[in-house]
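Structural characterization, general
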Amino acid sequence: GAVVSQHPSWVICKSGTSVKIECRSLDFQATTMFWYRQFPKQSLMLMATSNEGSKATYEQGVEKDKFLINHASLTLSTLTVTSAHPEDSSFYICSAPGTGSTPPDFGPGTRLTVT
Amino acid sequence: DAKTTQPPSMDCAEGRAANLPCNHSTISGNEYVYWYRQIHSQGPQYIIHGLKNNETNEMASLIITEDRKSSTLILPHATLRDTAVYYCIVCFNNDMRFGAGTRLTVKP
């Protein structure tokens with residue numbers, strides 16, 4: 001599978017500000033990438049599918065105007081948490097797809113803390 | 001929604017085999033069975049995957065029943081570093097949906 005990196009690995013921001021998280025596929029050109037959110041002691045929840053050159057597809061219950069996704073190139077997808085609130089504090093993880101014979105790969109995650 | 005069912009927790013003695021079961025009775029013919037694990041505050045780590053046949057790699061073995069409705073992940077000689085949450089996922093088109101997983105604790 002692809003090698004996936006995320007930046008930053010952690011970030012602390014004040015309530016009301018916006019935070020951008022980058023997800024890079026280092027060795028694979030990904031037309032789609034996936035964003036997950038994980039709250040403490042819970043499993044990963046799929047938030048949205050990032051599509052290169054078109055709009056992201058959001059899962060039910062995920063606010064698209066709050067979680068802005070941009071898939072600017074075949075190796076970069078960004079998630080911007082706008083007007084962040086403490087309840088947005090979470091572990092955000094992205095993944096790049098596999099091909100069936102090769103597995104999807106996940107980034108190391110970004111821990112967001114909103115104060 | 002996750003299409004798999006796993007026991008919430010399991011214990012295993014260090015050096016012994018850990019056998020983690022997973023039920024996926026509604027699996028479709030083109031869906032793979034993937035196993036990942038997650039150590040605290042890290043991204044999921046790939047372990048193994050398969051479609052129909054049993055698979056083995058340097059980390060683990062995957063046993064898939066003939067009807068594909070269940071599978072077992074086998075860690076042949078568990079170490080303390082194998083303590084993690086293990087996720088069994090069935091998926092075809094990469095949008096993986098995670099269930100609650102099994103928290104495996106390897107004890108000395």
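In the block above lies the structure referred to throughout.
Residues numbered from 1 in each chain as written. Chains lettered and ligands numbered in written order. Predicted model: local features only at pLDDT ≥ 70, side-chain atom pairs only at ≥ 80, totals over all residues. Heavy atoms only, no water.

**Side note on unusual backbone geometry**
Most peptide bonds take the trans configuration, and most residues that are not glycine carry a negative phi. All names here are of chain A. In this chain, His7 is followed by Pro8 through a cis amide linkage whose omega measures 0 degrees. Take Pro8: it is sitting in the loop between strand 1 (4–7) and strand 2 (10–13). The backbone phi angle of Ser83 is positive, close to 45 degrees, even though this residue is not glycine. On the secondary structure map, Ser83 appears in the loop between strand 8 (76–81) and strand 9 (90–96). Its relative accessible area of 34% is what places Ser83 among the partly exposed residues. (Helix = DSSP H or I, 4+ residues; strand = E, 2+ residues; numbered from the N terminus. Buried < 20%, exposed > 50% of the residue type's maximum accessible area, 1.4 Å probe, protein only.)

**Comments concerning the state of the cysteines**
A complete count under the given rule lists 2 disulfides over all chains for this structure. Here Cys23 of chain A engages in a disulfide with Cys94 of chain A; their sulfurs sit 2.0 Å apart. Across the disulfide from Cys23 of chain A to Cys94 of chain A, rotation about the S-S bond amounts to roughly 85 degrees, and the bridge is consequently right-handed. Note that Cys23 of chain A is positioned in strand 3 (residues 19–25) and Cys94 of chain A in strand 9, a separation of 71 residues in sequence. Judged by its relative accessible area of 1%, Cys94 of chain A falls in the buried class. Across a sulfur-sulfur distance of 2.1 Å, Cys22 of chain B and Cys88 of chain B are joined as a disulfide pair. Measuring the twist about the S-S bond at about -80 degrees, one finds the Cys22 of chain B-Cys88 of chain B disulfide to be left-handed. With Cys22 of chain B in strand 2 (residues 18–23) and Cys88 of chain B in strand 8 (residues 84–91), this pair connects stretches of sequence that are 66 residues apart. By relative accessible area, Cys22 of chain B is classed as buried at 1%. Residue Cys88 of chain B is classed as buried on the basis of its relative accessible area, which comes to 0%. (Disulfide = S-S within 2.5 Å.)

**Side note on the sheet that holds strand 3 (residues 32–38) of chain B**
Residues and elements named next belong to chain B. Taken together, the 5 strands give an open sheet; going across it, the order is 1-9-8-3-4, and neighbouring strands pair in mixed fashion. Two strands in the sheet have a free side with no partner beyond their single neighbour: strand 1 (9–13) and strand 4 (45–50). For this sheet, the mean angle separating the axes of adjacent strands, direction not counted, is 25 degrees. Judged from the 3 bridges that link them, strand 8 and strand 9 (residues 102–107) form a sheet pairing that is antiparallel. Along strand 9, the bridge assignment pairs Tyr86 with Thr102. (Pairing = 2+ DSSP bridges. Axes fitted to C-alpha atoms, helices over the stretch in contact; angles between N-to-C directions.)

**Overview of the interface of chain B and chain A**
If you look at the interface, chain B gives 19 residues, while chain A gives 22 residues. Roughly 1500 Å² is buried in total at the junction of chain B and chain A, and carbon and sulfur atoms are behind 55% of that figure. Broken down residue by residue, the surface that chain B buries against chain A is led by Pro44, Asn94 and Phe98 of chain B, which jointly contribute 31%. Taken together, the connections running from chain B to chain A amount to 1 salt bridge. The interface formed by chain B and chain A includes 7 residue pairs in polar contact (both at pLDDT 80 or more). When residues of the side of chain B that touches chain A are traced back to their parent elements, those giving at least two are strand 3 and strand 4 of chain B. (Contact = heavy atoms within 4.5 Å. Buried area = accessible area lost by both parts, 1.4 Å probe. Salt bridge = Lys/Arg side-chain N within 4 Å of Asp/Glu carboxyl O. Polar contact = N/O pair within 3.5 Å; in protein donor to acceptor, adjacent residues only side chain to side chain.)

Structural measurements only, silent on function.
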